[in-house]
Amino acid sequence: MPFKAPVINLEQVTSTNEFAQELLRDHQVVNGTCISATFQTAGKGQRGNTWYSKRDENITLSIIFLPDRFLVSRHFMLNVAFSLGLRDYLLTAGVKNILVKWPNDIVAGGKKLSGILIENAIRGELICSIVAGFGINVNQVVFDESLLKPATSICLETGNKLDIKQELEKVLSFIYNRYDQLQSGNDELLMGEYKNVLYRIHQSATYKTDSEIWTGVIRNVTREGLLEIQRDDGKELQFGFKQIEFM
């Protein structure tokens, strides 16, 4: 682990990201501080969604990073590094067929296993603070059937139930390691790894933009986080987050 940072363990909180933001506002934080919760009453996911997680069965945490001269133009590299960190951990937990669904969901067999929510504070051209929230389905085996996107867990994928506290330490070591790579400027290496494990890359699949459903092939992801897709009609298009939906 590149550095040892404090871990704040909470029984219950509205959202670990919100708690982290309060610490930042009060200036009561050091680089790498982790907030972990047994249960979130209002966990947050991407696109304004709620992250649903059963009490005592999963890992929900947020990490506060105070970067040294991190340019706003590199913001997507946070998604890249943290996604790879989660994948590193899940591989050691015995999960197979792990891919990163753009921009930063982790899927196994096409089912969502983990998600990330990154919130940055910006000053000029620099990101001055990062709150990275992580949700990992560990021991949960029953999920809300009303959810549109199917979910899975480490337990469902491997048949093993894990000790949440022990697994938390492992998760942190992998995330800190990838963040350290990022701070060292290894963007090209990280981006190459990210593309190698990108869900649906070079495969024909169905997408939705506005009210139109069409098929195409993911060709690339840019350093700025734009998804490049070639439609079946030959058109080459770029999409930012929230501009396209996977079907």
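For the structure given in this document, a descriptive report is provided here.

The rules behind these values
Residues numbered from 1 in each chain as written. Predicted model: local features only at pLDDT ≥ 70, side-chain atom pairs only at ≥ 80, totals over all residues. Heavy atoms only, no water. Helix = DSSP H or I, 4+ residues; strand = E, 2+ residues; numbered from the N terminus. Rg over C-alpha atoms; globule rule 2.2 N^0.38 Å. Areas by Shrake-Rupley, 256 points an atom, 1.4 Å probe, with all protein chains shown as cover. Buried < 20%, exposed > 50% of the residue type's maximum accessible area, 1.4 Å probe, protein only. Arc of directions from axis to C-beta. Polar contact = N/O pair within 3.5 Å; in protein donor to acceptor, adjacent residues only side chain to side chain. Pairing = 2+ DSSP bridges. Salt bridge = Lys/Arg side-chain N within 4 Å of Asp/Glu carboxyl O. Phe/Tyr/Trp six-rings, centres within 6.5 Å; stacked < 30°, edge-to-face > 60°. Lys NZ or Arg CZ within 6 Å of the ring centre and 35° of its normal. Axes fitted to C-alpha atoms, helices over the stretch in contact; angles between N-to-C directions. Left-handed = near helix turned anticlockwise from the far one by under 90°. Contact = heavy atoms within 4.5 Å. Patch = residues over 30% accessible without salt bridge, like charges linked within 9 Å, V, L, I, M, F, W, Y side chains within 5 Å.

Side note on the overall build of the chain
On a plain count of helices and strands, the chain comes out with 5 helices and 13 strands. The C-alpha atoms of the chain give 18 Å as radius of gyration, which agrees with the globular expectation for 247 residues (18 Å, within 12%). Overall, the C-alpha framework of the chain stretches about 55 × 45 × 30 Å when taken along its three principal axes. Carbon together with sulfur atoms contributes 46% to the accessible area of the chain, which is approximately 12300 Å² in total.

Brief notes about helix H1 (residues 16-25)
Three or more residues of H1 are buried, namely Thr16, Asn17, Ala20, Leu23 and Leu24. For H1, the arc enclosing every buried residue in end-on projection is 115 degrees, short of the 170-degree limit, so these residues lie on one face. Residue Ser15 occupies the N-cap position of H1, its side-chain oxygen lying 3.2 Å from the main-chain nitrogen of Asn17. At the exit of H1 stands His27, carrying a positive phi of roughly 60 degrees.

Focus on the sheet that holds strand E11 (residues 227-231)
Reading across from one edge, E12-E11-E10-E9-E13 is the order of the 5 strands in this open sheet, with antiparallel pairing throughout. The open sheet has two edge strands with one neighbour each: strand E12 (236-239) and strand E13 (245-246). Across 4 bridges, the pairing between E11 and E12 is antiparallel. Among the inter-strand pairings, Gln230 is bridged to a residue of E12, identified as Glu236.

Describing the pattern of salt bridges
Applying the stated criterion across every chain yields a total of 7 salt bridges. As a salt-bridge pair, Arg231 and Glu212 come within 3.2 Å of each other at their nearest N and O atoms. Of this pair, Arg231 sits in strand E11 while Glu212 sits in strand E10 (residues 212-221), placing them 19 residues apart in sequence. For Arg231, a relative accessible area of 16% translates into the label buried. In the salt-bridge network here, residues are joined through shared partners; they are Asp88, Arg178 and Glu193.

Side note on the packing of aromatic side chains
A full pass over the atoms with the stated rule returns 10 aromatic pairs. Residues Phe65 and Phe82 carry aromatic rings whose centres are separated by 5.6 Å and whose planes lie at 15 degrees to one another, so their mutual orientation is stacked. Here Phe65, found in strand E3 (residues 59-65), pairs with Phe82, found in helix H2 (residues 76-92); they are 17 residues apart in sequence, far enough to count as distant. Grouping residues by exposure puts Phe65 and Phe82 together as buried. Ring geometry for Phe82 against Tyr179: centres 6.5 Å apart, planes inclined by 15 degrees, an arrangement best described as stacked. Within this pair, whereas Phe82 is found in helix H2, its partner Tyr179 is found in helix H4 (residues 164-183), the two being separated by 97 residues in sequence. Pair check on accessibility: Phe82 and Tyr179 agree, each one buried. An aromatic cluster is defined as three or more aromatic residues linked by ring pairs; in this entry it consists of Phe65, Phe82, Phe134, Tyr176 and Tyr179. A cation over an aromatic ring shows up here: Arg74 above the ring of Phe70, its NZ or CZ 4.5 Å from the ring centre. The ring of Tyr207 is capped by Arg200, whose NZ or CZ atom sits 5.3 Å from the centre of that ring.

Side note on the packing of H2 against H4
Close contact between H2 and H4 brings their axes to 8 Å; oriented N to C, the two are set at 140 degrees. Once H2 is placed against H4, the crossing between them reads as right-handed. Note on element contacts: H4 touches H2 through Glu167, Lys170, Val171, Phe174, Ile175, Arg178, Tyr179 and Leu182, opposite Met77, Leu78, Ala81, Phe82, Leu84, Gly85, Leu86, Asp88, Tyr89 and Thr92.

Description of unusual backbone geometry
The peptide bond linking Trp102 to Pro103 adopts the cis configuration, its omega dihedral lying at 0 degrees. Along the polypeptide, Pro103 turns up in the loop between strand E5 (98-101) and strand E6 (105-108). A positive phi angle, near 50 degrees, is found at Arg69, a position not held by glycine. Within the secondary structure, Arg69 is located in the loop between E3 and strand E4 (70-71).

So, a nonpolar patch on the surface
The grouping of Val141, Val142 and Leu156 at the surface amounts to a nonpolar patch, some 250 Å² of accessible area in total. Relative to the assigned elements, Leu156 resides in helix H3 (residues 154-158).

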